[in-house]
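Given next are the chains, with one letter for each unit.
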Amino acid sequence: MTGLRRCHAVRAAGGLMAVALLAATGCSATGAAPGGVPGGVPGHRSAASSGPSADHTSGFGWFVPRAVPTGWRQAGLPDLTAVMAYPPSARPIQADTGAVAVAQRGAQGDFLLYLNATPKQGAESLANWATFRLAHQADEASSVTLVASATGLMFTRGRGSCVMDDYTSRHGPRAYREIACFVAGKRGSSVLVAATSREHWSAERATVQAAVESYTPR
């Protein structure tokens, strides 16, 4: 990711990271996982024929802002716009300037968990987040499927819009699921991307969701 193409998820680690990383690097303004966009983008498979405008809010019925889980660590964005919490099993990894990222690898070196927070970088907003995120994905994944989206989520000290989507990496056959949120606080806006492979989603879902719920804008 160079220039405007920097993504909240960098290609730096290959496999899920190359994908999840992309997802978290927020390419061109807000963490974008590799993917496609609904409505005419080759390789895109929409969760509904109407794309992000459809009612996918039920997929975020689990969301409730929460305190940082006991034993978790925290990493603040350099611009002080937000703080990301992560489990001790994850380790900090290289991220774009101004961003923070952590990851946990499995026995085969695959990524069980990828978290990335990045300051707002472009035209993303609470209102356009679902469309913006999926469109961003088009350049980084062979296919993207919208699973759920929601606006008006109340984070601790801020508001957010989130999407959940599935995508397949162009860097390998692995399929991933991410939750990507654009969150606005008093000091500014930022993007959080939390991802894992579809294979590990059932086992890692609670951790991914806890990372999203405990994300704290400033």
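Residues numbered from 1 in each chain as written. Predicted model: local features only at pLDDT ≥ 70, side-chain atom pairs only at ≥ 80, totals over all residues. Heavy atoms only, no water.

The protein is annotated in an unreviewed UniProt entry as Lipoprotein LpqN of Terrabacter lapilli.

**What about the overall build of the protein?**
So the rule is basically this: Numbering of helices and strands runs from the N terminus, with a helix taken as a DSSP run of H or I at least four residues long and a strand as a DSSP run of E at least two residues long. Buried residues are those whose accessible area, probed at 1.4 Å on protein chains only, stays under 20% of the maximum for their type, while exposed residues exceed 50% and partly exposed ones sit between those limits. The contact criterion used is simple: two residues touch if any of their non-hydrogen atoms lie within 4.5 Å.
A tally of regular secondary structure across the protein gives three helices and ten strands. The buried share of the protein, reckoned over its 218 residues, is 57%. Across the protein, contacts joining residues at least 24 apart in sequence account for 58% of those joining residues at least 6 apart.

**Things to note about helix α3 (residues 201-213)**
Along an α-helix, residues three or four apart share an orientation, since each turn contains 3.6 residues. Put simply, the rule is: Expected helix span is computed as 1.5 Å times (number of residues minus one).
With 13 residues, α3 extends 17 Å from end C-alpha to end C-alpha; this agrees with the ideal 18 Å at 1.5 Å per step. On its buried face, α3 is in contact with β2 (82-86), β5 (111-119), β6 (141-155), β7 (158-169), β8 (175-184) and β9 (189-197).

**A short note on the pairing of β7**
Inclusion rule: We treat two strands as partners when DSSP finds at least two bridges between them.
The buried count for β7 comes to eleven of twelve residues, which makes it a mostly enclosed element. Hairpin remark: β6 followed by β7, antiparallel, with two residues in the connecting loop; positive phi at R157, about 70°. With ten bridges connecting them, β7 and β8 associate as antiparallel partners. Pairing of G160 across the sheet is with V183, part of β8.

**Side note on the pattern of salt bridges**
Inclusion rule: Here, a salt bridge means any side-chain nitrogen of Lys or Arg that lies within 4 Å of a carboxyl oxygen of Asp or Glu.
Throughout the structure, instances matching the rule amount to five salt bridges. Here E178 makes a salt bridge to R133, at a shortest N to O gap of 2.7 Å. Of the two residues, E178 is situated in strand β8 and R133 in helix α2 (residues 129-137); the sequence distance between them amounts to 45 residues. Both residues of the pair, E178 and R133, count as buried. A salt bridge links R177 to D166; its shortest N-O distance comes to 2.6 Å. Here R177 is found in strand β8, whereas its partner D166 is found in strand β7, with eleven residues between them in sequence. Each member of the pair, R177 as well as D166, is classed as buried.

**Focus on the nonpolar core**
Applicable threshold: Think of a nonpolar core as a cluster: buried Ala, Val, Leu, Ile, Met, Phe, Trp, Tyr and Cys residues, connected wherever their side-chain atoms sit within 4.5 Å.
Grouped together as the largest cluster of nonpolar side chains are 32 residues, with contacts concentrated most on F60, M84, L115, F155, I179, V212 and Y215. Those elements giving two or more residues to this core turn out to be β2, β4 (100-105), β5, β6, β7, β8, β9 and α3. Top contributing element to this core by residue count: α3, with five residues. Those residues within four positions of F155 in sequence are excluded, and the remaining contacts are F63, P65, G160, C162, C181, V183, V212, Y215 and P217. Core analysis: the next-biggest nonpolar cluster, separate from the first, contains 15 residues, L134, V144, F182 and A195 among them.

**Description of the sheet that holds β7**
Which entries qualify depends on this criterion: To get an axis, fit a line to the C-alpha atoms, keeping to the stretch in contact for a helix; angles then go from 0 to 180 degrees between the N-to-C directions.
Taken in spatial order, the seven strands of this open sheet run β3-β4-β5-β9-β8-β7-β6, and their pairing is antiparallel. Across the chains shown, the open sheet's two edge strands, defined by having one partner strand only, are β3 (91-93) and β6. Between one strand axis and the next, the sheet turns through 20° on average, direction left out of account. For β8 and β9, the ladder comprises nine bridges, and the chain directions are antiparallel. Bridge pairing in β9 places R177 opposite T196.

**A few points about the packing of aromatic side chains**
Applicable threshold: Aromatic pairing here means that ring centres of Phe, Tyr or Trp (its six-membered ring) are within 6.5 Å. Orientation follows from the plane angle: under 30 degrees is stacked, over 60 is edge-to-face, and everything else is tilted.
According to the stated counting rule, one finds six aromatic pairs in the structure shown. An angle of 35° between the planes, with centres 5.5 Å apart, marks the rings of F60 and W62 as tilted. Using a relative accessible area of 4% as the deciding quantity, one classes F60 as buried. Ring geometry for F63 and F155: centres 4.8 Å apart, planes at 50°, overall tilted. Of this pair, F63 sits in the loop between α1 (15-25) and β1 (73-76) while F155 is found in strand β6, placing the two residues 92 residues apart along the sequence.

**Comments concerning the side chain of Q104**
Tracing the chain through its elements places Q104 in strand β4. Q104 gets classed as buried once you look at its relative accessible area, which sits at 17%. Leave out the neighbours within four places in its chain, and Q104 touches S89, A90, D110, F111, L112 and L113.

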